[in-house]
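If you want the building blocks of each chain, they are given just below.
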Amino acid sequence: MLLKKSDSFLTYLRFNKISPLFIIVSISFLLYLSVLLTSQSHVDGDEAVVGIMAKHIIMMDYFPIFFLSQPYGGGGAIEAYLAVIPFLLFGVSSLTFKSIALFFSLATIIVTYKFCLIHFNKKTAIFSSIILASATPLIEWHFKMRGGYIIVLFLSIIILHIFTEIIKKEHNNRSHYLLLGFTSGFAYYNMELIVPLLTTLFIASFYWKKKFWSLKKISLIIAGCITGLLPVIYYNLTNDFLNIHYILNQRGENILLLFKDTPLKIVFNYLPAFFFGRNADQYITDIPGKAYLEYIIYLGLTIYLFFNTLPYILLITKNRFNREKNFLNNNALNIISIILLFIVIFFIFSVISKGTQRSPRYFLPLYPLLAILIGYGLNTLIINHNILHRTGGVCVLLLLVCFGVFNHVSYIRPCSVNDDVLINEKDVVNVPTSCKTLTGIMEYLKKEGISRVRATYFLKWRLLFESNEQMIASTHGLSPGGYRDILYDEYVNAGDKAALILHKNDIQLKRFMSSSYCYKFKQTMIGEYYVFTGKQPEKWKSRYYLNKKWKLPGVEP
């Protein structure tokens with residue numbers, strides 16, 4: 001009888017620990033699923049590229065190492081290989097494709113909760129996972145498959161967990177160091193945005209030199225890192241180190257000028273824009289007031305924790321060489337110190353990098369560590385004996401959750417995606433367009449018996465993916481348009497009949513309509529687009545050569 005009671009009590013404890021996580025993940029899944037089935041039910045341009053990559057992996061004619069036609073972006077290849085599984089099981093569609101991102105989003109919530117439960121306490125685990133699950137900056141990223149962004153969030157918490165486990169334990173076996181090296185190398189292959197975190201852990205390792213700095217341990221970490229980097233190493237050795245050259249060439253600015261101007265823009269423009277839900281595609285000029293309010297709350301809690309933890313950080317710095325055991329027991333403060341150091345280093349990298357000036361999405365690696373920091377800060381306020389601190393902590397938590405949930409619910413609306421539009425000779429803007437528009441265009445072209453299309457970059461790839469490559473599109477002769485073509489341009493150029501699709505606000509539409517051969521085309525407006533169908537002018541045509549390694553399913557040359 002006593003044994004049964006004991007078993008029942010242990011079962012209760014286990015359930016009591018897991019039930020908050022079950023509730024958080026369940027509510028998050030239902031909320032995310034509602035958003036996925038409505039506003040996020042179709043792929044954008046870059047996502048469609050990854051989807052096409054996955055399809056050609058299934059067809060056994062393409063095995064990518066990086067994003068299609070790029071010498072970088074391993075996350076795109078990883079997502080393409082992962083997408084093969086739902087494609088084979090449930091067929092090719094936007095929903096099956098985006099299910100991979102949804103899985104990683106929920107998995108990140110789970111590992112963040114478990115991480116906080118191990119290294120902090122239950123309240124911090126609940127607060128951090130709720131903040132992460134409802135975070136406004138992540139609304140679209142729960143479903144985005146566009147180059148490893150959602151995977152970097154998952155890997156960052158895994159890497160930090162392995163690192164802190166090594167610090168925490170008196171004795172570590174070889175697997176810990178091999179695993180730390182492998183996940184770090186693989187995370188770098190997935191996306192270079194992991195570098196600030198790896199730099200932070202490298203610096204932090206000097207504080208615990210006995211844990212990391214021996215020939216045996218360093219050798220194990222390096223061996224694991226090389227294993228995780230094998231795709232990158234192979235690519236560079238077989239492509240004249242093109243990946244390394246590209247990464248180095250991205251940092252050509254005058255760093256002194258960057259430090260003079262960029263920090264203020266990051267603090268007052270780029271970071272507030274990150275707290276706007278639709279932050280995936282470009283820098284946001286019109287930032288709503290609620291984004292600033294949410295940002296100020298995050299910034300205030302971070303500053304509060306920094307000054308609250310500063311004496312401890314200084315103690316570590318002062319005694320790092322002779323009193324290592326004195327601060328090993330306070331694992332929570334160790335982690336908070338590492339996260340604060342990470343934010344400082346990430347800020348420095350953001351100043352140097354070109355990326356943050358192009359899009360707020362490059363701040364994504366701040367999560368989930370930022371959520372842990374905020375969760376810990378809220379816990380310190382709420383457990384405080386001062387009634388003002390406790391009340392303030394509860395109000396801030398409720399405010400952040402209400403903001404996040406409201407913003408998520410606001411995305412339960414008709415689907416729209418961004419398409420690229422040339423508004424003058426140099427500037428390209430991403431304009432939201434209805435997902436129904438592309439469906440209408442495909443139905444119209446099918447009735448007209450046309451399978452060759454000219455369109456701008458985003459629309460081209462969406463058309464290829466949504467039609468299952470039954471319609472082949474090209475950006476040849478149009479701007480904007482990236483070059484990721486295998487044989488699409490050649491196929492379209494070789495045809496007799498083709499369609500030209502241009503957004504109503506695209507300046508190229510005016511040019512075409514004023515051309516001498518526009519009258520030969522049949523003109524139809526579908527949604528936001530003008531569709532011109534007819535015989536291609538000879539100047540649009542060119543000789544083509546079929547790439548035998550890249551198949552066009554359902555289309556005859």
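Conventions adopted
- Residues numbered from 1 in each chain as written.
- Predicted model: local features only at pLDDT ≥ 70, side-chain atom pairs only at ≥ 80, totals over all residues.
- Heavy atoms only, no water.
- Helix = DSSP H or I, 4+ residues; strand = E, 2+ residues; numbered from the N terminus.
- Buried < 20%, exposed > 50% of the residue type's maximum accessible area, 1.4 Å probe, protein only.
- Contact = heavy atoms within 4.5 Å.
- Areas by Shrake-Rupley, 256 points an atom, 1.4 Å probe, with all protein chains shown as cover.
- Pairing = 2+ DSSP bridges.
- Axes fitted to C-alpha atoms, helices over the stretch in contact; angles between N-to-C directions.
- Salt bridge = Lys/Arg side-chain N within 4 Å of Asp/Glu carboxyl O.
- 1 Å grid on protein atoms, 1.4 Å probe; cavity = no way out; pocket = protein on both sides within 12 Å on 5 of 7 lines; lining within 4 Å.
- Points joined across faces, edges and corners; volume = space filled by probe spheres on them.
- Nonpolar A, V, L, I, M, F, W, Y, C, P; charged D, E, K, R; others polar.
- Parallel < 35°, antiparallel > 145°, perpendicular 65-115°, else oblique.
- Left-handed = near helix turned anticlockwise from the far one by under 90°.
- Expected span 1.5 Å × (residues − 1).
- Polar contact = N/O pair within 3.5 Å; in protein donor to acceptor, adjacent residues only side chain to side chain.
- Disulfide = S-S within 2.5 Å.

1. So, the overall build of the protein chain
Each helix and strand counted, the protein chain has 21 helices and seven strands in total. Expressed as a percentage of its 557 residues, the buried residues of the protein chain come to 54%. Long-range contacts, defined here as pairs at least 24 residues apart, represent 74% of the contacts in the protein chain between residues at least 6 apart. Summed over all atoms, the accessible surface of the protein chain reaches about 25,500 Å², with 66% contributed by carbon and sulfur.

2. Re the sheet that holds strand S3 (residues 452–454)
The strand order across the open sheet formed by five strands is S4-S3-S5-S7-S6, and the pairing between neighbours is mixed. The open sheet has two free edges, formed respectively by strand S4 (472–474) and strand S6 (522–526), since each of these has just one partner strand. The sheet shows a mean angle of 25° between the axes of neighbouring strands, direction not considered. Where S6 lies against strand S7 (residues 529–535), five bridges are found, and the strand directions are antiparallel. Considered in S7, the bridge of Met-525 is made with Tyr-530. Along the sheet, helix H18 (residues 435–448) contacts S3, strand S5 (497–503), S6 and S7; its crossing angle with S7, the most-contacted strand, is approximately 15°. Each of S3, S4, S5 and S7 is contacted by helix H19 (residues 457–466), which is oriented at about 170° to S4, the strand it contacts most.

3. Quick look at the pattern of salt bridges
Following the criterion strictly, the structure yields eight salt bridges and no others. Among the salt bridges present, the one from Lys-98 reaches Glu-47, with a minimum N-O distance of 3.0 Å. With Lys-98 in helix H4 (residues 94–119) and Glu-47 in helix H2 (residues 45–58), this residue pair connects regions lying 51 residues apart in the sequence. Glu-47 matches Lys-98 in its accessibility class, with the two residues each being buried.

4. Quick look at empty space enclosed by the protein
For the structure on display, the rule yields three cavities of 30 Å³ or more. Put simply, the largest cavity is a space of about 70 Å³. Around the largest cavity sit 13 residues that line it, and Gln-40, Lys-144, Arg-278, Ser-416 and Val-417 are the ones nearest its centre. With three residues, strand S1 (residues 416–422) is the single largest residue contributor to the lining of the largest cavity. Considered as a void within the structure, the second largest cavity measures approximately 50 Å³ in volume. Lining the second largest cavity, in full, are Tyr-32, Ser-105, Thr-108, Ile-109, Leu-132, Ala-133, Leu-138, His-142, Ile-150 and Leu-153. The set of elements that each furnish at least two residues to the lining of the second largest cavity consists of H4, helix H5 (122–134) and helix H6 (149–168). For the lining of the second largest cavity, the element with the most residues is H4, which contributes three residues. Here the residues of the lining of the second largest cavity are counted per class, giving seven nonpolar, three polar and no charged.

5. Concerning the packing of H5 against helix H16 (residues 369–382)
At their nearest, the axes of H5 and H16 sit 8 Å apart, and the two run at 130° to each other. Taken as axis vectors, H5 and H16 run oblique relative to one another. H5 and H16 meet at a crossing whose hand is right-handed. Touching Lys-123, Thr-124, Phe-127, Ser-128, Ile-131 and Leu-132 of H5 are Ala-371, Ile-372, Ile-374, Gly-375, Tyr-376, Leu-378, Asn-379 and Ile-382, all from H16.

6. Thoughts on the environment of Phe-182
Examined against the element boundaries, Phe-182 turns out to sit in helix H7 (residues 174–190). Residue classification places Phe-182 among the partly exposed positions, given a relative accessible area of 33%. In this structure, the C-alpha to C-alpha distance between Phe-182 and Thr-227, residues 45 residues apart in sequence, is 6.1 Å.

7. As for H2
Each α-helix turn comprises 3.6 residues. Residues three or four places apart therefore point the same way. With 14 residues, H2 extends 20 Å from end C-alpha to end C-alpha; this agrees with the ideal 20 Å at 1.5 Å per step. Counting buried positions over the 14 residues of H2 gives 13, a clear majority of the element. Of the residues that open H2, the one with a side-chain oxygen 3.2 Å from the backbone nitrogen of Asp-46 is Asp-44. Once H2 ends, the next one or two residues include Met-60, with phi positive near 65°.

8. Describing the state of the cysteines
Here the structure, examined in full by the defined rule, presents one disulfide. Each sulfur in the disulfide pair Cys-415 and Cys-435 lies 2.1 Å from the other. Disulfide Cys-415 to Cys-435: torsion about the S-S bond roughly -40°, handedness left-handed. In this pair, Cys-415 is assigned in the loop between helix H17 (387–409) and S1 and Cys-435 in helix H18, connecting sequence segments 20 residues apart. Its relative accessible area of 11% is what places Cys-415 among the buried residues. On the accessibility criterion, Cys-435 (4% relative accessible area) is buried.

9. Here we look at unusual backbone geometry
Each neighbour pair has its own omega, and for Tyr-367 with Pro-368 the value is 0°, a cis peptide bond. The topology assignment puts Pro-368 in the loop between helix H15 (331–352) and H16. Phi at Asp-240 takes a positive value of approximately 55°, unusual for a residue other than glycine. Here Asp-240 is to be found in the loop between helix H11 (230–238) and helix H12 (242–249). By relative accessible area, which is 66% here, Asp-240 ends up exposed. Look at Glu-469: it is not a glycine, yet its phi comes out positive at around 60°. Turning to its location among the elements, Glu-469 is positioned in the loop between H19 and S4. A residue is classified by how much of its surface remains accessible, and Glu-469, at 0% relative accessible area, is buried.

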